[in-house]
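Each chain is listed here by its residues.
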Amino acid sequence: MANMTLQKQALLGGYSQRFDNTMMSERTNLSILSLAVPLGAKNTVDTTLNQQHGVSWPDIGKVHRSNTDQSIWLGLQQDQCFALFSDLTDEGFAQVSAQLQAAAYITDQSDSWVCINIDGPLARTALERICPIDLHPTVLGESCVTRTTMEHLAVIIHCTGSNSFELLSPSSSAKSFLHALETSFHNIA
Amino acid sequence: MTQTNRLEGGQINRQKIVQFAFNDQMYNAHPGDTLASALLANGIKHVGSSFKYHRPRGIFSAGPEEPNALVELRRGAAQEPNTRATVAEVFDGMMARSQNHKGPLGFDLMGVNDLLSPFLSAGFYYKTFMWPKAFWEKLYEPIIRASAGLGSLSGLPDPDTYDKGFLHADILIIGAGPAGIAAALQAGRSGARVILADEDFTPGGRLNAENLSVDGSQGTDWVKASLAELSQLDNVRIMTRTTIYGAYDHGIYGALERKTDHLAKSEGMPRQVLWRIYTKQAILCAGATERSIAFGNNDRPGIMLAGAVRAYVNRWAVTPGKRIAVFTNNDDGWRTATDLVAKGVEVSAVIDSRATKAPTDVAGAIVVMGATVTNTFGRKGIHTFSLSNGQSIKADCLAVSGGWNPNVHLTCHQRGRPVWNETQACFVPGGDLPMGMLVAGAANGELSLGQALSAGYATANTAMQNLGLSAAASNAPNADEESTKVTAFWHVKESAKRCWIDLQNDVTTKDINVSYQDGFRAVEHLKRYTTLGMATDQGKTSNVLGLAIMAEHSGKTIEQTGTTIFRPPYTPVPIGALAGRCRGEDFRPVRHTPSHGWAEQQGAVFVETGNWLRAQWFPQPGETHWRESVDREVIQTRESVGVCDVSTLGKIDVQGKDAGEFLNRVYANTFATLAVGKVRYGLMLREDGIVMDDGTTARMSENHYVMTTTTANAVSVFRHMEFCRQCLWPGLDVQLISATEQWAQFAVAGPNARKLLQKVVDADTDLSNEAFPFMACSEIKVCGGTPGRLFRISFSGELAYEIAVPTRYGNSMMAALMEAGEEFNAVPYGTEALGVMRIEKGHAAGNELVGQTSALNIGLGKMVSKKKDSIGSKMSEREGMNTENALNLVGFKPVNRDKPLLAGAHFVSKGAEPTMENDEGWMTSVAYSPSLGHSIGLGFIQRGADRMGEVVHASDQLRGGSCDVEIVSPHFIDPEGERLRG
């Protein structure tokens, strides 16, 4: 074997940009695990999540945060959720995955999505140019998540604060997604 | 330069003067003016030529209904024709030109058409251009097309940008007139999420144009105070310069917001934004539009709608004339006269078609009751008119009011029909409204201010109740009830001159008569035959007039006659706004492969495959033609080793105890028996037995499979499988998720593929043929511990693997593979070489799996298992799909090896005529094979498998590349498969 080591590459090069008083940045420290429930095993999965991460299975549209390891659990559909971990090594992620694999069907989705955080008072104004869903706090409030599309691209949108959103969109079109967001900020300036 | 017709007061900013040009002449105006008010202020009445007869025309209205005053605005690439001067805000440096005339406006050479008017009435084209037949395309149509249209485009790309957006509300209030503001105040105070949209740049609607009071204050002051309160409410969004142009399904409304049209330059910002508004309730407060009365020569500059005259005087402090007369059939027309007098403008006469007592006194004016205007005089501007009693009166402006039509358009956008209100002589909304829509104010036939205010308030409460919200405790605004009495009067029958109905399309009462006589009596036929109600104004001032006259002819009531269908948009929406930001490169998203950056550095030529941008080939210095690059890539791969990014193939993670059974059902061949660590080629059929897709599926563990799909069908196959999982077999324990984006995957192909991979795959994976044979798969580590997957599969026919690593390592992996391959003279290859090698190997791909071909057709009929049931297997047994004459996929070589083959050529037996009857199949894929040194092809031909060695004719009538071809095996390279198993 040649003496070679593969280098990670952030999809958007670790993008970070301020638009007036709102910050938009690529999150590059994220590991994403998809969990799917084996037929009839919802309770088993729920118990495992509680034991290992101190969270329960999130209902559709809800987000649970683990106080044990700060992982975030996005309820995306009836039998599926995404678990988001920060700053895990490949080995650490493999370990977490292996533990959950006993209870659920898991799939590494870390590289499937680009993650962009938007934080600031212009967030909703910019997003309303491309996001068809209602982002009003009474509809998509903090710790809510939903799937939508923006500029033809699939997006998982997670409200992380009063004016903060975390957006996941397919990694292959990350640059187009960023362009759509940048254009929105430009167009509301 | 002086604004000779400017009065005192108005809602304009007199502190500032802006300059604008009309037909290259500079004029002064004030912020708050429209182009129309500014032109009138400067005494400009003649602003354009009419569509058909090129008659001089002036400003007719004060709003979006304007049929006459259409101008070309701006210059150069930004030039926009058919802009309504009545809604265009004046800005410093505005440049406007009149349109639809040859020569100067004051001497339009096309005015000769007016002399020919006796011959040019409705149906003229249909009747006249019938003979000789050959003249239609060569002579008549070119002339008509050259004459048609009003303004002109620059022909240059639109320099402006546009955007789109999405808004949500509990209550959308359409129109910020008295009813709309009253509704917004009540809904806003009650806490509902409200959008208040108005097309004007100054909210207030008719209150801006009137001298009426609300709650004891001047109406305009009430508007300002109300807007100030609304702007303080977080739950209310006020959108000015925003037209709600359409009511669509499920409470969705289209809105066009004009962001920079009132500015000299957009400064890179979107000129307009097209909003999609989702609302639970909508309150239509769109007001009403005044209509005219048809009388002789009623189209001259200076003849205007009475309400518009009042608006110019009150809102813009402009008098459209020095001596104005009023012709009305209703009490509202009289208010124009009294407002003019109050502003110190001379009113020469008030003529009322009703033979009743005058509703009020008008100082200094001749009042004639029970009379009509029969004719007017003054080519470029009225100066005199005559009455039915023979009287002649001087006036340089004639204000006409035939009553008001509620703006019911949006109530009809889902095929609702308005109903006729005999008392008010107008159509009002019918009961079949779009979902969640309520109507208030003048749009609902509540024409007085007091009615409009209380209706707005009450309707807001109804909307709140419908939403299950509590209404705030407050009172409706109050106003006096002004009289709106009207007696229907449509046209002056005694007029010997042409009586104009549709000013924008030059439709007269005579045209309606002709339409009736020619049998075009239904309103939709009337519209098409006469062009009544077409073009930018969509007949807002003319439709009711036209159909009322048609009703007179037919002896039907107006309600029985009905209206044409109102469709979106309410007012014109620029194509640019509909496109939004989706122009040029932004038309659709681009997907990049994980090694895109590396490929760019190598100077790769890219090709779009769906949304993907893939390396097509990698030119080297000295190569001047793409074939040189592709041939080199193929030869080098077959001689040593090549690497290709194949990440675009769909990858679907299939997990569950029943995953094998699930795959058995969606694939035609068996998968449940596939051993862990093995890969199998799979064929997927549609319900009808036609091939849907193909690919390989690897069994990574007992309950875990990884399926690959073709690039093109990645999404549709996943969707199909989700449907099967959720709807057909919900009892199976199986879960799916796309992993297409997760993995960067590279084909490493060629005799030295194994040697190359041994340099990057960690040592704990044995790549020997024995340990990792053809169709093996495994989780692996690469380059010192990076997780990966390895599949021994081959699309090229060579000893080949596909190696996958998480996408974040993809670019680095490509570089590592090429670095490791240096000693083998490894070559990166693109989609062209990939295609050449798959044709050489005889693999079916997109050109063969076209949604018309079966497993039998592509030579894989035996793969459809009879031992199990699967989607499409039964239907593939249909007799018609299994005939002796069935198409078979075979290979083709040109008899003359120098001849290039052409995909799309059709096969006929040698010597047979190239006709549909003799058609035996077609060529699907061709390539120049550098391995064989000549062109090769794949294609479908009847009984192809039994016709090896036969020569047939490949006919290409379109491109002229017909030639004789020999039917051969589709496997041009290594038909025994020794290389890929080596």
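Not measured: the values here are computed from a predicted model.

Draft legend 1. Region of the structure containing the packing of helix H10 (residues 509–517) of chain B against helix H11 (residues 523–530) of chain B. Residues and elements named next belong to chain B. Between H10 and H11, the least distance of the axes is 10 Å, while the angle of their chain directions is 120°. By the angle between their axes, H10 is oblique relative to H11. Our pair here, H10 against H11, has a crossing hand that is right-handed. Residue-level inspection shows Asp511, Ile512, Val514 and Ser515 of H10 in contact with H11, the latter providing Leu526, Tyr529 and Thr530. Classifying every residue of the contact of H10 with H11 gives 4 nonpolar, 2 polar and 1 charged.

Draft legend 2. Structural view of the sheet that holds strand S4 (residues 63–65) of chain A. Residue and element names in this part refer to chain A. Strand order across the open sheet formed by 5 strands is S4-S5-S6-S3-S7, with antiparallel pairing between neighbours. The open sheet has two edge strands with one neighbour each: S4 and strand S7 (105–108). Each neighbouring strand pair of the sheet contributes to a mean axis angle of 25°, computed without reference to strand direction. Across the sheet, helix H2 (residues 90–101) touches strand S3 (30–36), strand S5 (72–77), strand S6 (80–86) and S7, and the angle it forms with S3 is around 10°.

Draft legend 3. Seen up close, the domain arrangement of chain A. Residues and elements named next belong to chain A. Entries for chain A in the domain assignment read domain 1 (17–28 + 112–188) and domain 2 (30–108). Carbon and sulfur atoms supply 62% of the area buried between domain 1 and domain 2, which totals about 1,100 Å² over both sides. Across the domain 1-domain 2 interface, the total number found is 0 salt bridges. Across the domain 1-domain 2 interface, the total number found is 4 residue pairs in polar contact (both at pLDDT 80 or more). For the side of domain 1 that touches domain 2, the secondary structure elements donating two or more residues are strand S8 (113–119), strand S9 (144–150), strand S10 (153–161) and strand S11 (164–170). By residue class, the composition of the side of domain 1 that touches domain 2 is 6 nonpolar, 3 polar and 3 charged.

Draft legend 4. Representation of the interface of chain B and chain A in the model. Between chain B and chain A, the contact holds 60 residues from the first and 53 residues from the second. For the pair chain B and chain A, the summed buried surface comes to about 4,500 Å²; carbon and sulfur atoms form 49% of the total. Of the charged contacts in the structure, one is a salt bridge between B:Arg193 and A:Asp134, with a shortest N-O distance of 2.7 Å. Taken together, the connections running from chain B to chain A amount to 34 residue pairs in polar contact (both at pLDDT 80 or more). Mapped onto the side of chain B that touches chain A, the elements with two or more residues apiece are strand S8 (162–174), strand S15 (272–284), strand S31 (591–592), strand S35 (650–655), strand S39 (735–738), strand S42 (786–791), strand S43 (800–806) and helix H20 (810–820) of chain B. The residue makeup of the side of chain B that touches chain A, split by class, is 27 nonpolar, 16 polar and 17 charged.

Draft legend 5. Representation of the domain arrangement of chain B within the structure. Its domain assignment divides chain B into domain 1 (1–150), domain 2 (162–288 + 406–467), domain 3 (316–398), domain 4 (593–648 + 742–837), domain 5 (655–703 + 710–734) and domain 6 (883–982). Using C-alpha coordinates to define each centre, domain 2 of chain B is positioned 67 Å away from domain 6 of chain B.

Draft legend 6. The arrangement of the pattern of salt bridges in detail. All names here are of chain B. Under the criterion given, the structure shown has 54 salt bridges over all chains. When the shortest N-O distance is used, the salt bridge between lysine 280 and aspartate 170 registers 3.0 Å. On the criterion of sequence distance, the pair formed by lysine 280 in strand S15 and aspartate 170 in strand S8 is long-range, its members being 110 residues apart. Taking the relative accessible area as the measure of exposure, lysine 280 reaches 52% and is therefore exposed. Here aspartate 170 falls in the buried class, since its relative accessible area comes to 9%. Across the pair arginine 947 and glutamate 950 runs a salt bridge, and its minimum N-O distance is 2.9 Å.

Calculation criteria
Residues numbered from 1 in each chain as written. Chains lettered and ligands numbered in written order. Predicted model: local features only at pLDDT ≥ 70, side-chain atom pairs only at ≥ 80, totals over all residues. Heavy atoms only, no water. Axes fitted to C-alpha atoms, helices over the stretch in contact; angles between N-to-C directions. Helix = DSSP H or I, 4+ residues; strand = E, 2+ residues; numbered from the N terminus. Parallel < 35°, antiparallel > 145°, perpendicular 65-115°, else oblique. Left-handed = near helix turned anticlockwise from the far one by under 90°. Contact = heavy atoms within 4.5 Å. Nonpolar A, V, L, I, M, F, W, Y, C, P; charged D, E, K, R; others polar. Pairing = 2+ DSSP bridges. Domains from an automatic or database assignment. Buried area = accessible area lost by both parts, 1.4 Å probe. Salt bridge = Lys/Arg side-chain N within 4 Å of Asp/Glu carboxyl O. Polar contact = N/O pair within 3.5 Å; in protein donor to acceptor, adjacent residues only side chain to side chain. Buried < 20%, exposed > 50% of the residue type's maximum accessible area, 1.4 Å probe, protein only.

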